[in-house]
Amino acid sequence: MRDVVLALAMPVLMCASGIYAAGAAWWRRRYPAPPPYSQAGLRLAGERAVAVAEAVVADEYALFAGAVGCPDDRGAGDVHTGNRRA
């Protein structure tokens, strides 16, 4: 009995993979994939991602600037921690 199951496993597997391939081809014809991005689309998406990241950093800097010693806005000045003794 074990030999019969083993002998029938390969045709069943081939039939199932053929049915899957036919179904996948039908699905792709019915619901095609979107076209790839153009160079302009990639550039705009990159600019949008940078703008979102800059906004997040600006919000966090504004939120925690007083609690953590952050450099002043004039450039690469000293870090003001408030822990220096006079």
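Each remark here, short or long, concerns the structure printed above.
Calculation notes
- Residues numbered from 1 in each chain as written.
- Predicted model: local features only at pLDDT ≥ 70, side-chain atom pairs only at ≥ 80, totals over all residues.
- Heavy atoms only, no water.
- Helix = DSSP H or I, 4+ residues; strand = E, 2+ residues; numbered from the N terminus.
- Buried < 20%, exposed > 50% of the residue type's maximum accessible area, 1.4 Å probe, protein only.
- Salt bridge = Lys/Arg side-chain N within 4 Å of Asp/Glu carboxyl O.
- Expected span 1.5 Å × (residues − 1).
- Bend = angle between axes of the 7 residues up to and from the residue.
- Patch = residues over 30% accessible without salt bridge, like charges linked within 9 Å, V, L, I, M, F, W, Y side chains within 5 Å.
- Areas by Shrake-Rupley, 256 points an atom, 1.4 Å probe, with all protein chains shown as cover.
- Phe/Tyr/Trp six-rings, centres within 6.5 Å; stacked < 30°, edge-to-face > 60°.

## Notes on the overall build of the protein
Reasoning step 1: A tally of helices and strands in the protein yields two helices and zero strands.
Reasoning step 2: Counting across all 86 residues of the protein, residues that qualify as buried make up 1%.

## A word on the pattern of salt bridges
Reasoning step 1: Following the criterion strictly, the structure yields one salt bridge and no others.
Reasoning step 2: In this structure, E47 and R43 form a salt bridge, with 3.6 Å as the shortest nitrogen-oxygen distance. Pair noted here: E47 and R43 are both in helix α2 (residues 39–64), with a separation of four residues, about one helical turn.
Reasoning step 3: According to the relative accessible area criterion, R43 is partly exposed, its value standing at 48%.

## Comments concerning helix α1 (residues 2–30)
Residues spaced three or four apart along an α-helix point in a common direction, a consequence of the helix completing one turn every 3.6 residues.
Reasoning step 1: With 29 residues, α1 extends 42 Å between its outermost C-alpha atoms, agreeing within 8% with the 42 Å of an ideal straight helix rising 1.5 Å per residue.
Reasoning step 2: The largest bend in α1 is about 30 degrees, located at A9, with the proline P11 one to four residues further on.

## A few points about a nonpolar patch on the surface
Reasoning step 1: Together, M1, V4, V5, L8 and V12 make up a nonpolar patch on the protein surface, roughly 540 Å² of accessible area in all.
Reasoning step 2: Examined against the element boundaries, V5 turns out to sit in helix α1.

## Side note on the packing of aromatic side chains
Reasoning step 1: Under the definition given, this model contains two aromatic pairs.
Reasoning step 2: Each ring, one from W26 and one from W27, has its centre 6.3 Å from the other, and the planes form 55 degrees; the classification is tilted.
Reasoning step 3: Residue class for W26 comes out partly exposed when judged on its relative accessible area of 45%.
Reasoning step 4: By relative accessible area, which is 42% here, W27 ends up partly exposed.
Reasoning step 5: Ring centres of W27 and Y31 lie 4.2 Å apart, and the angle between their planes is 45 degrees; on these two criteria the pair is classed as tilted.
Reasoning step 6: Taken together, the aromatic side chains of W26, W27 and Y31 make up a single cluster linked through ring pairs.

That is the geometry; function is a separate question.
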